[in-house]
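Reading the structure
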Amino acid sequence: MKTICFYFQVHQPLRLKRYRFFNMGKDHHYLDEPTNRAIMQQVAADCYLPMNALLLEQIRKHGGKFKVSFSITGLAIEQFRTYAPEVLDSFRELAATGCVEFLGETYDHSLASLVDRDEFTAQVKAHSALMQKEFGQKPTTFRNTELIYSDTIAETVASMGFKAMLAEGAKHILGWKSPNYVYAAALDQKLRILLRNFKLSDDIAFRFSDRSWSEWPLTADKYVGWLTAPDLPGDLINLFMDYETFGEHQKADTGIFDFMRYLPAAALKTKKLKFATPAEAAKAFQPAAIFSSPYPISWADEERDVTAWLGNELQNEAFSTLYGVRDKVHELDDPDFNYVWNFMQCSDHFYYMATKWFSDGDVHKYFNPYGSPYEAFINYMNVLSDFMIELDKKKADVTATVCASA
Amino acid sequence: MRVLMFGWEFPPHIAGGLGTASYGLTRGLAKQGVEVIFVVPKAYGDEDQRFVRVVNASDVETPYGDRWQDDIRERLTFIHIDSNMVPYISPEEFETERVEYRSRPGEMKGDIWKERYAFSGKYGANLMEEVARYAMVAAEVARKLEGQFDVIHAHDWLTYYAGIAAKQVSGKPLVVHMHATEFDRSGEHINQSVYNIERAGMTAADRVIAVSNLTRRIVIDKYGIPPGKVVTVHNAVRFDRPAAADTERGVSDKIVTFLGRITYQKGPDYFVEAAAKVLKRLPNVRFVMAGSGDMLNQVIRRVAKLGIADRFHFTGFLKGEEVQRMFALSDVYVMPSVSEPFGISPLEAMKSNVPVIISKQSGVAEVLDYAVKVDYWDVDALADAIYALVKYPALARMSATKGLVEVTNLRWDDAAAEVADVYRSII
């Protein structure tokens, strides 16, 4: 008997509008609201709503035997509230089935774990509180932005009370180990690590509609055949992917929804497969070994490192400028400023500045609203510069008021 | 493989990018083992009655302080045809300049091409006649050289009749090279006779080489040339020039430079408008416009009207060393061309470690990842890019260092190898 563990990532960044330097000092609305709304409503219609309905139908049909998990960023939840409240309702419905786990992460899909333990902890707590409020669940499993993982990050995560954490299971990270077992974190062995089976996950997420793939077309029965193959080692198959896989990256006409509609039944009828949430899986199995990565790894690109976000001078400069004002933002603790500080954290802004794909930009262009990394950097820095000017003005105001009243 | 090549300028006496490209290409071809006979118009004036002279490479003044290596020298021959064909001006301008020159004999103007070509009355009555006369001489050259070349290569419309004539007398295949189209030079108000010559050249040619995909598109769409015979070979940049010596800067301000002919094609007016926007927000920047052209007066008036003349400077036409010094002084180089078939000058700027902003409507944008690219008409985006390069040092640093690496990899040797492949496909 093997256990299938589904986790779907739900995230939409708050995209910045075209912000020229001459907007500075005059215009403090940084977001591209029409685009954010259009994308959210489009993805809601193509993916979130139909896929949530499909999952709900399958959970009900199989009477609790079909289970999945989600990690939903704070920025996505905010945009559900504003642009597509019906999506939030459908997630609540899923939560009410008891077969859906909501994972913890940073509120803003940020890179804080790489630089600032306090900031990271605060953002994770804010996200956990949001999950509690929206879905009535306190997350016990953690997934970091882009599955970024290192031993020290895992230790921080364990210290916050999480029982399990997700990570990438690519070959060059795991070596001879299989991703199909539960592992224990190196620095705090009470924390269980679940590793993404990248081959079987990407068969659905990337290759499903690829007609040049020798396995195309992929049917639920064929896929279940792979999951039950006698030579597949381990207890557990972790299928981790972006939720937008369903209906967005793989459009409805590829048959992705039909595939997912038949997969639970096809799996359960073999009597060799069952479904579990990450928390259940982490509890069900003893760790096979220690999982250790002294340097940060992620689920991105061939390298599985963090150079997609912090790799070139532009990204490093923008990131360090942002973190340079952290103390000021927290001292001021003004809701308007906190709001901007939050969405500026989002890893997507840094991803748009990446230059590593000048030669093979396909996947990356798809997600990128900018024509070039330079445009992305210029726009981000203009917004950040205005934010910093306003922050200083506000601080001066506050100080003046305090002095006057004293 | 031996090629008979018709050009119309060659360093060090050049007025624009074509001479530089001819130089890089012929050297590259010679390194590939291709023998090049380069025919170029040269006005000798009245003192000598010969129409054609054969000049060995060793007698040609070497530009940029290069030396002709022996193996390259052996493969290069120059033929000068006595002609006053003038590059970069329209037939109408040719007429005006000629009349103007005649009215003020003896007076030389600053532009290098005017120094080079003496308007003595010995030549054709207008540019078109001169082009035709050049073609007749070219036919004679081709006849004399019979058996000494396998393919004919003609650069830009001035030499297309020469190319066609050479093909007719020799029966050898013809390659024409589009460095610019009449649409790039004149926008939609094209000179019909120039267009006709371009089209005749490309129709008669066995292959058309376009300097960018942008140009290739124009050749196919606006001249109706079958796509199958149009090949893109991007230009490259010379890489062995010694870096410009450190130039002492007189001012601590950041300097943003436009360097090129001040004509419609180069988009100088967009540079001015962007400058005005930047100057409203940044006090420590100066703008320099280097070059001359028919829009200069208009641009000066606009600068005055915008009230930015104290921070916007004109240098006039710069040559050789001065260009290098200008690059060395620059913090940002801008090429806002409305239509630029390729555009060599941003590559020269990048070689001098200057971050560049280029218009998306330039062929060179196709080969550069590390240049900042904007639409030429998007003055806001241009202003924003200038502001960012001045204000965010990380951007300027990365653009300069990565740009230098990128530009160093654009070799004439590689471009010449592609051109040699084009020859091979038709002989």
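Residues numbered from 1 in each chain as written. Chains lettered and ligands numbered in written order. Predicted model: local features only at pLDDT ≥ 70, side-chain atom pairs only at ≥ 80, totals over all residues. Heavy atoms only, no water.

Here the focus is the overall build of chain A. Within chain A, the secondary structure is distributed over 16 helices and 10 strands. Taken against the 2.2 N^0.38 rule, which gives 22 Å for 406 residues, the C-alpha radius of gyration of chain A at 22 Å falls within 12% of a compact globule. Within chain A, buried positions represent 60% of all 406 residues. For chain A, contacts bridging at least 24 residues in sequence account for 77% of all contacts bridging at least 6. (Helix = DSSP H or I, 4+ residues; strand = E, 2+ residues; numbered from the N terminus. Rg over C-alpha atoms; globule rule 2.2 N^0.38 Å. Buried < 20%, exposed > 50% of the residue type's maximum accessible area, 1.4 Å probe, protein only. Contact = heavy atoms within 4.5 Å.)

A:Ile193, A:Tyr380, A:Phe387, B:Phe287, B:Ile357 and B:Ile386 are the most contacted members of the largest nonpolar core, which has 106 residues in total. Discounting residues that sit within four places of it in the chain, B:Ile386 has contacts with B:Val256, B:Ala274, B:Val278, B:Phe287, B:Val334 and B:Ile357. A:Cys47, A:Leu56, A:Ile72 and A:Leu218 belong to the second-largest nonpolar core, a separate cluster that totals 61 residues. (Core = buried A, V, L, I, M, F, W, Y, C linked by side-chain atoms within 4.5 Å.)

To continue, consider the sheet that holds strand 6 (residues 183–185) of chain A. Residue and element names in this part refer to chain A. Taken in spatial order, the 5 strands of this open sheet run 4-5-7-6-10, and their pairing is mixed. Edge positions in the sheet fall to strand 4 (141–142) and strand 10 (290–291), since each of these pairs with one other strand and no more. Where strand 5 (residues 164–168) meets strand 7 (residues 192–196), 5 bridges bridge the pair, whose relative direction is parallel. Within strand 7, the residue paired with Glu168 across the bridge is Arg196. Across the sheet, helix 5 (residues 151–159) lies against strand 4, strand 5, strand 6 and strand 10, angled at about 155° from strand 5, the strand it touches most. (Pairing = 2+ DSSP bridges. Axes fitted to C-alpha atoms, helices over the stretch in contact; angles between N-to-C directions.)

With that settled, the discussion passes to the packing of aromatic side chains. Working definition: an aromatic ring pair is given by the centre-to-centre distance plus the angle between the planes. Taken as a whole and judged by the stated rule, the model has 49 aromatic pairs over all chains. Chaining the aromatic ring pairs together yields one cluster made of A:Phe6, A:Phe8, A:Tyr48, A:Phe66, A:Phe70, A:Phe80, A:Phe91, A:Phe102, A:Phe135, A:Tyr243, A:Phe246 and A:Phe275. A cation over a ring is seen here: B:Lys277 above A:Phe22, with NZ or CZ 5.0 Å from the ring centre. (Phe/Tyr/Trp six-rings, centres within 6.5 Å; stacked < 30°, edge-to-face > 60°. Lys NZ or Arg CZ within 6 Å of the ring centre and 35° of its normal.)

Glancing now at the sheet that holds strand 9 (residues 254–259) of chain B. Residue and element names in this part refer to chain B. Overall, parallel pairing links the 6 strands, which are arranged 11-10-9-12-13-14 in an open sheet. The open sheet has two free edges, formed respectively by strand 11 (312–316) and strand 14 (372–374), since each of these has just one partner strand. Sheet twist, expressed as the average angle between the axes of neighbouring strands with direction ignored, equals 20°. Sheet topology note: the strand 9/strand 12 (residues 332–335) ladder contains 3 bridges and is parallel. Each bridged residue has a counterpart across the sheet, and for Phe258 the counterpart in strand 12 is Val334. Across the sheet, helix 14 (residues 379–391) touches strand 9, strand 10 (285–290), strand 12, strand 13 (356–359) and strand 14, and the angle it forms with strand 14 is around 160°.

What follows concerns the interface of chain A and chain B. For an interface, size is often stated in terms of accessible area lost upon the parts coming together. On the chain B side, the residues contacting the 20 residues of chain A number 24 residues. When chain A packs against chain B, the two sides together hide about 2000 Å² of surface, and 63% of this comes from carbon and sulfur. Applying the counting criterion to the chain A and chain B interface returns 9 residue pairs in polar contact (both at pLDDT 80 or more). Every element with two or more residues in the side of chain A that touches chain B is listed here: helix 11 (313–324) and helix 16 (373–405) of chain A. (Buried area = accessible area lost by both parts, 1.4 Å probe. Polar contact = N/O pair within 3.5 Å; in protein donor to acceptor, adjacent residues only side chain to side chain.)

This brings us to the domain arrangement of chain A. Residue and element names in this part refer to chain A. Along its sequence, chain A is organised into domain 1 (2–291) and domain 2 (313–405). Taking only C-alpha atoms, the centre of domain 1 and the centre of domain 2 are 26 Å apart. Taken together, the contacts link 33 residues of domain 1 with 29 residues of domain 2. Carbon and sulfur atoms supply 58% of the area that domain 1 and domain 2 bury against each other, a total of about 2600 Å² over both sides. Counting the surface domain 1 buries against domain 2, the share from its top three residues, Leu16, Tyr30 and Glu119, is 24%. (Domains from an automatic or database assignment.)

On to the environment of A:Thr156, then. Residues and elements named next belong to chain A. Turning to its location among the elements, Thr156 is positioned in helix 5. Between the alpha carbons of Thr156 and Gln123 there is a distance of 13 Å; along the sequence they are 33 residues apart. Excluding anything up to four places from it in sequence, Thr156 contacts Arg117, Phe120 and Thr121. Within polar-contact distance, the side chain of Thr156 engages the side chain of Arg117 at 3.4 Å.

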